[in-house]
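Notes for the structure review
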Amino acid sequence: MKPTCTRRIQFCAGHRVAGHESKCSNLHGHNYVAFFDAEAETGLDDLGRVIDFGVLKERVGGWIDTNWDHGFILGEDDLQARAIIDRMEGQKQYIIPMNPTAEWMADYLLYDVCPAVLEDTGVIVRKVVLWETEN
């Protein structure tokens, strides 16, 4: 097993779980906490690190800040919520291909975002854990 490091990144965002059987079917927000477990493809660097934590913050955290933080994350099939948010001038939104549950958002970060933003670093994010709230 290769050594890993974990970076914690917090952000705030709104979403809606279309078709949810309870209150999560409403537009609402969370204080998200995400944990990114990173592994070096070829082993630790000369200083004994997988990657500088600042690089993870800059690249992964920067992507989250630009695209998700203080905006709405909506599923591409949720036309009703998208129409409402579209009417709000200047409202930040990001459309993902699936319903924005914590599980699908973690999957999107793991398989779409992290490989793209860390492409030239020699680092792979192996696991993403996403909490909608700290509890």
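Note that the coordinates shown come from a computational prediction; the quantities given were computed from them, not determined experimentally.

1. Digging into the pattern of salt bridges
- In the structure shown here, the tally under the stated rule is five salt bridges.
- Between Asp78 and Arg16 there is a salt bridge, and its shortest N-O distance comes to 2.8 Å. Of this pair, Asp78 sits in the loop between strand S3 (71–75) and helix H2 (79–86) while Arg16 sits in the loop between strand S1 (4–15) and strand S2 (28–40), and the two are 62 residues apart along the sequence.
- Among the residues examined, Arg16 registers a relative accessible area of 15% and is labelled buried.
- In this structure, Asp52 engages Arg49 in a salt bridge whose closest nitrogen and oxygen atoms are separated by 3.1 Å.
- Judged by its relative accessible area of 35%, Asp52 falls in the partly exposed class.
- Connected via shared salt-bridge partners are Asp45, Arg49 and Asp52.

2. Concerning the sheet that holds S3
- Read across the open sheet, the five strands follow the order S4-S3-S1-S2-S5; overall the sheet is mixed. The two strands at the open ends of the sheet, each matched to only one other strand, are strand S4 (93–96) and strand S5 (123–131). Sheet twist, expressed as the average angle between the axes of neighbouring strands with direction ignored, equals 40 degrees.
- One ladder, built from twelve bridges, connects S1 with S2; its direction is antiparallel.

3. Examining the pairing of S4
- Burial along S4 is one-sided: the residues Tyr94 and Ile96 are buried and none of Gln93 and Ile95 is.
- When S3 meets S4, the two strands line up parallel, connected through four bridges. What sits directly across from Ile73, in S4, is Tyr94.
- Taken together, S3, H2 and S4 form a β-α-β motif whose crossover is right-handed.

4. As for the environment of Asp45
- Looking at where Asp45 falls in the secondary structure, it is placed in the loop between S2 and helix H1 (53–67).
- Only 2.9 Å separates the side chain of Asp45 from the backbone nitrogen of Leu47, close enough to count as a polar contact.

5. Focus: the side chain of Glu39
- Relative to the helices and strands, Glu39 is located in strand S2.
- The buried category is assigned to Glu39, whose relative accessible area is 11%.
- Excluding residues within four positions of it along the chain, Glu39 makes contact with Lys2, Pro3, Thr4, Val50, Gly122, Val123, Ile124 and Arg126.

6. Let's talk about the pairing of S2
- Sheet topology note: the S2/S5 ladder contains eight bridges and is antiparallel. Bridge pairing in S5 places Asp37 opposite Lys127.

How each quantity is defined
- Residues numbered from 1 in each chain as written.
- Predicted model: local features only at pLDDT ≥ 70, side-chain atom pairs only at ≥ 80, totals over all residues.
- Heavy atoms only, no water.
- Salt bridge = Lys/Arg side-chain N within 4 Å of Asp/Glu carboxyl O.
- Helix = DSSP H or I, 4+ residues; strand = E, 2+ residues; numbered from the N terminus.
- Buried < 20%, exposed > 50% of the residue type's maximum accessible area, 1.4 Å probe, protein only.
- Pairing = 2+ DSSP bridges.
- Axes fitted to C-alpha atoms, helices over the stretch in contact; angles between N-to-C directions.
- Right-handed = clockwise from strand over helix to strand, strands pointing away.
- Polar contact = N/O pair within 3.5 Å; in protein donor to acceptor, adjacent residues only side chain to side chain.
- Contact = heavy atoms within 4.5 Å.

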